[in-house]
Amino acid sequence: MKKKYIFILVLVLLSNLFAQDLVTDRPDQTESSSTVPKNSLQIESGILLGEVEDNSIINKQFLFPSTLFRYGLTSGLEIRVVNQFEKSEIESIGNEIDINKNKISTSGFSDLEVGAKVQLFQREDVNAEVAFLSHLVIPTGSSNFSNEKLASINKLCVSHTLSETVDLGYNIGYDYFSKENSAYTYSLATAVSVNNEVGLYIETYGEIVNKNHISNFDGGVTYLLKRNLQFDFSFGTGINHQMNYVAFGVSWNSSL
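Only a predicted model underlies this, so the values are computations on that prediction, with no experimental measurement involved. (Residues numbered from 1 in each chain as written. Predicted model: local features only at pLDDT ≥ 70, side-chain atom pairs only at ≥ 80, totals over all residues. Heavy atoms only, no water.)

Tallied over the full model, the rule gives 10 salt bridges. Measuring nitrogen to oxygen at the nearest pair gives 3.1 Å for the salt bridge that ties D25 to K117. Here the residue D25 occupies a position in the loop between helix 1 (2–17) and strand 1 (41–54), and K117 occupies one in strand 5 (residues 112–122), the gap between them amounting to 92 residues. The class of K117 is buried, set by a relative accessible area of 0%. Salt-bridge contacts for D125 lead to R123; the nearest nitrogen and oxygen are separated by 2.6 Å. Residues participating in the shared-partner salt-bridge network are D25, E31, E44, R70, E78, R80 and K117. (Salt bridge = Lys/Arg side-chain N within 4 Å of Asp/Glu carboxyl O. Helix = DSSP H or I, 4+ residues; strand = E, 2+ residues; numbered from the N terminus. Buried < 20%, exposed > 50% of the residue type's maximum accessible area, 1.4 Å probe, protein only.)

Quick look at the structure:
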């Protein structure tokens, strides 16, 4: 009888030892260099409340929800689908007499994004992992939220494990929406594992559009409720422009 219980205990310990952690592409802006396991579906969804101020114009943005679907075709290749429902409230703060007349509110779905992430480099003896991500943006969205033509989002994703509790990840990318609307993008995130359930991160990210540099900072916390279920909270602010947001989300994997 004792041997039976010892055998069961060993199996439990081994399953925990070799279990794959839930690696998500949210809540930070830096896409991970990992792909989801083969034949598994991972859903990452959240809501965001944001505000951007520019020249006495305030644009309040609500995403509820923004959802990413990831499916592992092989051990190093996943397909991805992204879509979100948006609401935008544009408000002029120049006239304080009747502020309701200066509000413009619109809502609808964004363009559908379909793409893939492929792992390019991964070795246990080298402290680096590299992947490439590309999305095709299809003009399926509502009139006020659509690019109205095909576009693409592309990122090189790199990560390093600095210690048992600290990871460093960064992206370099190029987004093309039109000749007049394209951007070079970047992000750099540092993640710290407080324990097996709680993680923290800080990040800087931005883009260069028509020689204009837009820079931001954000941070957040993740909580792993189960091996395949994670909750997150994040916030962000502009460094060289007026922007703020808070976001809440949940991620789930079918096979972990």
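A few words on the confidence of the model for the chain. For residues with low pLDDT, the predicted coordinates do not support detailed interpretation. Confidence in the prediction for the chain averages 89 pLDDT; 89% of positions are at 70 or higher. Note on residues 1–20: pLDDT is under 50 here. Beyond four places in sequence and across chains, it has 5 contacts. (pLDDT = per-residue confidence, 0-100. Contact = heavy atoms within 4.5 Å.)

Attention shifts here to unusual backbone geometry. At the junction of R26 and P27, the peptide bond is cis and its omega measures out at 10° in the coordinates. Relative to the elements of secondary structure, P27 occurs in the loop between helix 1 and strand 1. A cis amide bond links F64 with the next residue in sequence, P65, at an omega value of -10°. Along the chain, P65 turns up in strand 2 (residues 57–74). Here S56, not a glycine, exhibits a phi torsion of approximately 65°, which is positive. Considering the arrangement of structural elements, one finds S56 in the loop between strand 1 and strand 2. With phi around 70°, K211 is a residue other than glycine that occupies positive phi space. Looking at the secondary structure, you find K211 in the loop between strand 10 (198–209) and strand 11 (212–226). Residue classification places K211 among the exposed positions, given a relative accessible area of 83%.

Summed over all chains, the structure comprises 4 aromatic pairs. When the centroid spacing of 5.1 Å and the interplanar angle of 50° are considered together, the rings of Y174 and Y184 count as tilted. Placement of Y174 in strand 8 (residues 166–176) and of Y184 in strand 9 (residues 182–193) is noted, with a sequence separation of 10 residues between them. Judged by relative accessible area, which is 32%, Y174 ranks as partly exposed. Centroid distance F233 to F248: 5.2 Å. Interplanar angle 45°. Geometry classified as tilted. Of the two residues, F233 sits in strand 12 (residues 229–238) while F248 sits in strand 13 (residues 242–253), which places them 15 residues apart along the sequence. Pairwise contacts between aromatic rings join F64, F85 and F109 into one cluster. (Phe/Tyr/Trp six-rings, centres within 6.5 Å; stacked < 30°, edge-to-face > 60°.)

All right, on to the nonpolar core then. In terms of nonpolar packing, the biggest core is built from 6 residues, these being L48, L63, Y205, M243, Y245 and A247. With 3 residues, the top contributor of residues to this core is strand 13. Apart from residues no more than four positions distant in its own chain, L48 is found in contact with Q61, F62, L63, Y245, V246 and A247. (Core = buried A, V, L, I, M, F, W, Y, C linked by side-chain atoms within 4.5 Å.)

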